[in-house]
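Residue-level structural notes
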Amino acid sequence: MRFERFLLNDVLIDTQKMSARVEGSWFPLEHKQLALIKLLIDRAPNPVSRDDIINQLWPNLIVSDNSVSQLVAQIRKTLNDTSKEPKFIKTVPRVGYQCIADVANAPTMIQHAKTPQKNVPLNWLTAGLLIGVLCSFLVLFDFSVFKPITQVKYVSRLTSSPGAEVYLNFSPNGRFLAYSQIVTGESQYDLVVYDLQTNTSHTIKSSGYSEQAPSWSMDGNWLLYYRYSPFSCEIRAISVHNTIELWRLNKDVFILDCDSAQIPGNVTWNSSGQLFVREMNAGNKELVKYQIEATEDRQINLSGRAVVTRAEDYHMRGNRVIYQQAQQWYQGLLNDDGKVAKTTKIDIQGKPYFGLSDSDILSVGKELKLHSVSNEEVSLYKPFGEVSEISLDRNKGLIAHTEGIAEVNLYAYNLQGNSFEPISSNSRIDTHASISADGMQLAYVSAASHADPHIENVEIWSKHQFKSSPSLLTKLPIQDTPKLLVFAPNGEYLAVLSQSNTLFIISTFSKTPRSVVKENQSLKNIYWSDDSKALFFETSESNQPQQWRHDIANASNALLPENAQQYVPLVKKNISFQSYIEDVKGYLFEALAGEIPLQQLSHSLQLYRPAVHENGIYYVIRQGHQLSLFNFNSQLQKNEFIADIGLHLYDVNADLGLSTTASGTQIILNRVENLEMDIVLHEFILE
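Source: prediction; values computed, not measured. Each chain has its residues counted from 1, following the order in which its sequence is written. Given that this is a predicted model, residues contribute local features only at a pLDDT of at least 70 and side-chain atom pairs are listed and counted only at 80 or more, while totals for whole chains, interfaces and linings are drawn from all residues. Side-chain metrics in this entry use all non-hydrogen atoms of the structure; hydrogen atoms and water are not considered.

**Quick notes on the sheet that holds strand β44 (residues 556-559)**
Two strands qualify as a pair provided DSSP detects at least 2 bridges between them. Each helix corresponds to a stretch of at least 4 residues labelled H or I by DSSP, and each strand to a stretch of at least 2 residues labelled E; elements are numbered beginning at the N terminus. Sheet architecture is open: 4 strands sit in the order β41-β42-β43-β44, paired in antiparallel fashion. Every interior strand has two partners, whereas the edge strands, β41 (524-528) and β44, have only one. Between one strand axis and the next, the sheet turns by 25 degrees as a mean value, whatever way the strands run. Two strands pair when backbone bridges link them, and β41 and strand β42 (residues 534-541) are joined in this way by 3 bridges, in the antiparallel orientation. Within β42, the residue paired with Trp528 across the bridge is Leu535. Axes here refer to lines fitted to C-alpha atoms; in helices the fit is confined to the stretch in contact. Angles between the N-to-C directions go from 0 to 180 degrees.

Shown next as structure tokens:
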């Protein structure tokens, strides 16, 4: 049988397109999913053991049984199969898995055209043959070759001044583009509208406050925006019913109070008189719905508040919504009750947006990409720097996006001299700093500040206290970009957790990374033993937690008894513990006795990763745009202001955080500097 294209029961599998056609719709398949399907087919009707699957699909790597279970579950979900009533893959208890599906070559058009009937007139036989060929053509032919391929064509750069232009939003008629603008050296945003008909920009609000994140009512008569002061936040609206030259003279009206510690989000005023906005509640972000009404005297009234769902971020188009929960993006529909239904995960890199059609999704990041319903991915545009957000005018087929860079640098804060000392290069994005317990060594992740298709690796650098400059510790593939670095207590080893949930150990002497666990989505709770001889971590199998110990000496993993769960103090925890930020927040909120509001504390801890030491906790608080460094001294039970560390003007999609020694005598932190963003206009073209 040819493995390129074949039938599995009634499902057509195309390995070249890496997809499966189930009930008339194409769904994506990953490399390992296809590899497992092929392995099960080759061994059928015999079952294949879990160990054999691991050896075939993950050669020379240490992975748990959970990786196999997850892979089988993903295949079953794509094929509409179940473990209770399997039609494709059967679970053989205490052995492994077995292919029970009928496997056959995909029929050709000629085979579909054959109609072996007797005593049929020649003209009817010919007609039947032609109909058969046509039906086969309709069923089997991939019509994507006739579908127009979407690309984008550069139109112009709308802004090119020092500073940043962000928070883009097209008006419903597509004539205007609203955005926020901040000039280099300033600390507040102005509200600006670009008129695409006359190619002129108009400053609508420049009040001394910070006006951010503009959005439009669906009828185009109101422009909504966030107004920030150092101690307050309001969502306001300005009537834009007259000519644009007069908008700045129109009186704006108050709509809603918001949280000044929170980064502004989307505000949606739809055609049904509903207002959707993200709010904070007990430290959690929620998507909330109001009924909104504009009166004849140009006032605005709200009523009927209702929570739609928990959401860290969201975008809406009609009754469709894309929202984020626990760093995972989902797509769903709003039902008549205003709740989210029919949710599905969005598994793409970058931040997703609705595309031109109902079946397409655009994503931004290092490049602008288009994702179709069949999971085909097309790169539309690669910027110098990063695309951070987009806005679409679907009527005219235009797309405006921000493009630019920001420096994310590492500094050591000198507690005695009250000064910042730079550590890393301005030409790179340096994050995830980790300092050894004795303060002698520093490690951090360094990435290019702009997208470069030739860069296939991410770098980990280290600096010894007695050396003047850092040195390259190791390189990892770009798909294994680290999200956590943790030094062993003796400083001889560095544990690295990657974005793909692969756990590495790097010797600071040999500088060679060694994988401990490969691509295990359940991996969490990583910490070192006090003697630095072992690394502990947790995975799960069938929703049951499993505790593991990795011995450094013999490079082996050992499954610990069920009762081996140890108490891990807060000082040894890190972001691999799901409760880490919540634990720090709970401790600080109680210790500070309400000195800092819960919402402000919650958002600030998510913005800047705190650093726990033996004598307290270093943390950053955002107030307006200002970032301030504090230390809660647990011995004195006193909250100590350390220093103002800069401004937070825009989310640059970089992990920001603090790192400190065990004693808390040294502090390493990120600072975002020299934010430069411009607006670029493209148009979609169909080739």
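**Some points on the pairing of strand β7 (residues 96-99)**
Relative to β7, strand β5 (residues 48-49) runs antiparallel, the two sharing 2 bridges. Opposite Val48, over in β7, you have Tyr97 as the bridge partner. Pairing geometry for strand β6 (residues 89-92) and β7, over 4 bridges, is antiparallel. Bridge pairing in β7 links Ile89 to Cys99. The antiparallel hairpin formed by β6 and β7 contains 3 residues in its connecting segment, where Arg94 sits at a positive phi of about 60 degrees.

**Comments concerning the environment of Leu392**
Secondary-structure assignment places Leu392 in strand β30 (residues 390-393). Think of it in three bands: residues with accessible area under 20% of the maximum for their type are buried, residues over 50% are exposed, and the middle band is partly exposed, with areas taken using a 1.4 Å probe on protein chains only. For Leu392, a relative accessible area of 14% gives the class buried. The contact definition used throughout considers only heavy atoms, calling two residues in contact when any of these lie within 4.5 Å. Discounting residues that sit within four places of it in the chain, Leu392 has contacts with Phe170, Phe354, Gly355, Leu356, Leu362, Leu398, Ile399 and Phe684.

**Focus: the sheet that holds strand β3 (residues 19-22)**
Sheets are built from strands paired through backbone hydrogen bonds, the pairs being either parallel or antiparallel. Read from one edge of the open sheet, 5 strands run β4-β3-β2-β1-β8, paired in antiparallel fashion. Looking at which strands have only one partner, the edges of the open sheet turn out to be β4 (25-28) and β8 (103-105). Ignoring which end each strand starts from, the neighbouring axes of this sheet average 30 degrees apart. Where β3 meets β4, 4 bridges bridge the pair, whose relative direction is antiparallel. Bridged to Arg21 within β4 is Trp26. Here helix α1 (residues 31-43) sits on the sheet in contact with β1 (5-8), β2 (11-14), β4 and β8, set at roughly 70 degrees to β1. Strands in contact with helix α3 (residues 65-79) are β1, β2, β3 and β4; relative to β3, the strand with the most contacts, it is inclined by about 40 degrees.

**Remarks on helix α6 (residues 580-591)**
One turn of an α-helix holds 3.6 residues; hence residues three or four places apart share an orientation. Between the first and last C-alpha of α6 there are 16 Å, a value that for 12 residues agrees with the 16 Å anticipated at 1.5 Å per step. Taken together, the buried positions of α6 are occupied by Tyr580, Val584, Lys585 and Leu588. Down the axis of α6, the buried set is contained in an arc of 125 degrees. They therefore lie on one face. In this fold, the buried residues of α6 make contact with α7 (598-607), β46 (611-613), β47 (616-623) and β48 (626-633). Backbone geometry just after α6 places Ala593 at a positive phi near 55 degrees. The length a helix should cover is 1.5 Å for every residue beyond the first. An arc is given here, and it is the one of the directions from the helix axis to the C-beta atoms.

**Remarks on the layout of surface pockets**
Here the second largest pocket is characterised by a volume of approximately 730 Å³. Using only the protein atoms, space was sampled on a 1 Å grid; points where a 1.4 Å probe fits but cannot get out form cavities, open sets with protein on both sides within 12 Å along at least five of seven lines form pockets, and lining residues are those with an atom within 4 Å of a point. If you trace the second largest pocket, you find 33 residues lining it, with Val486, Val571, Lys573, Val612 and Thr660 closest to the centre. If you list the elements that add at least two residues to the lining of the second largest pocket, you get β33 (428-435), β37 (482-487), β41, β46 and β50 (656-660). Here the element with the most residues in the lining of the second largest pocket is β37; it accounts for 5 residues. Any residue outside Ala, Val, Leu, Ile, Met, Phe, Trp, Tyr, Cys, Pro, Asp, Glu, Lys and Arg is labelled polar, Gly included; the first ten of those are nonpolar and the last four are charged. When the residues that make up the lining of the second largest pocket are grouped by side-chain class, the tally is 19 nonpolar, 8 polar and 6 charged. Grid points are joined across faces, edges and corners, and a volume is the space filled by probe spheres set on the points.

**Quick look at unusual backbone geometry**
Of note, the bond from Ala44 into Pro45 is cis; its omega dihedral lies within 30 degrees of zero at 5 degrees. With a phi close to 55 degrees, Asn199 is a non-glycine residue in the positive phi region. Within the element layout of this structure, Asn199 appears in the loop between β12 (190-195) and β13 (200-205). Despite not being glycine, Asn418 has its phi angle at roughly 50 degrees, a positive value. Relative accessible area serves as the criterion here: at 55%, Asn418 is assigned to the exposed category.

Remember, this is a structural readout, not a statement about activity or role.
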